[in-house]
Amino acid sequence: VSTGLVLIVLGLQGSDRAAPVAVERQLAGPRWTVANSPIAEIAERARPAIVQLRVETGDQAETRSGVIFRTDGHVLTNARVVGGATSVRALLASGREVAAKVVGRDPDTDTAVVKLDGGPFPVATLGSAMDLHVGQTAVAIGSSVTVGVISALHREVRPLGETQTLFDMIQTDARVAPESSGGALLDENGAVIGITSALATDGPGAASPGFATTIDVARSVADELIRTGRVVHPWLGIEGTDVHGLAAELDVEGGAMVAQVKSGSPAAIGGLARRDVIVGVNGRPVHSMGELVVMVRAIGPGGVANLDLVRDGRRRSVTVVLAARPVSS
């Protein structure tokens, strides 16, 4: 498989059967004939669990994608896809259209859950992003199928025009068109490793890589949305930044520098102070603010975080009991 962007080679049954053509095919409509390609076989296996979501917001309507992950019709997609939705309908790979409703959404992880009417439905095979490595094959499937590689891991992404940062994102050079946003990022075995997001480019005509929320995070968030309709995020109570150029001066490989400690927060109660550099959580190294956010998120509200830090050139440890994040924070 080429490490650059390629389009899947597919043909259609019936009158278009003579020869496969190198085009992007919409998932809705006639059934695909699989070309003699491992990637085409991966796409064909995944296709029944991919839906096209027609999302209406007021007098506007957009088509995006989703991934069925429960036989009762629960679908993973982007929080951005269904934000403010007044009506949602889903077009299945079979061509059948069904009504759907939004179960819940979590902008912090760009994850949302939509429930299809009826069932049972075919489901995607969910994998894990824990053992991903840069350079391995990635297949993005939504309204179309594109192929590339994992080009970076643990990315911090701030979508154009937004103030909220997404952490621990997968980056791929497999193009994610707006209509494919909310679809699946697959590994070479056809397992879902992420839920794709089509994010705005930095400027007109600029090349925009594809990003995906790891399936581990998306599935965990989805389960909580289904159980309670909302996600409770842990709260440490600091604002901070990466150490960057100060790493050598502080004799650390990296870390998260505390810029502000919020009054009454778990961090304040635990004794964290401004300009502390957090370099470890529960025995695991921290190289950036993004890594710290991901580790805190994994511990959860009520969990204990043993923080290794550098203060005034000396190493020390503090223990913090995380709280549920207040609505205003």
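This text gives an overview of the structure that appears in the document. (Residues numbered from 1 in each chain as written. Predicted model: local features only at pLDDT ≥ 70, side-chain atom pairs only at ≥ 80, totals over all residues. Heavy atoms only, no water.)

Side note on the environment of T196
Following the sequence through the fold, T196 ends up in strand β15 (residues 192-197). For T196, a relative accessible area of 2% puts it in the buried group. For the pair T196 and F211, spaced 15 residues apart in sequence, the C-alpha to C-alpha distance is 5.7 Å. (Helix = DSSP H or I, 4+ residues; strand = E, 2+ residues; numbered from the N terminus. Buried < 20%, exposed > 50% of the residue type's maximum accessible area, 1.4 Å probe, protein only.)

Things to note about the pairing of strand β19 (residues 256-261)
As paired elements, strand β18 (residues 238-242) and β19 share 5 bridges and run antiparallel to each other. In the sheet register, T241 faces β19, and the bridge partner there is M257. With 2 bridges connecting them, β19 and strand β20 (residues 277-281) associate as antiparallel partners. What sits directly across from M257, in β20, is V277. (Pairing = 2+ DSSP bridges.)

Comments concerning the pairing of strand β9 (residues 97-106)
Across 4 bridges, strand β8 (residues 87-91) lies against β9 in antiparallel orientation. Opposite A90, over in β9, you have V98 as the bridge partner. Turn length for the β8-β9 hairpin, with the two strands adjacent in sequence and antiparallel, is 5 residues, and the turn residue G95 shows positive phi of about 100°. In textbook terms, the turn of a hairpin is the stretch between consecutive antiparallel strands, and for β9 and strand β10 (residues 111-116) this stretch comprises 4 residues, one of which, D110, has a positive phi near 50°.

Digging into the nonpolar core
Residues L116, I141, L186 and V192 are the most contacted members of the largest nonpolar core, which totals 41 residues. Ranked by residues supplied to this core, first place goes to helix α3 (residues 215-228) with 5 residues. The next biggest cluster of nonpolar side chains, apart from the first, holds 19 residues, and it includes L236, M289, V318 and V320. (Core = buried A, V, L, I, M, F, W, Y, C linked by side-chain atoms within 4.5 Å.)

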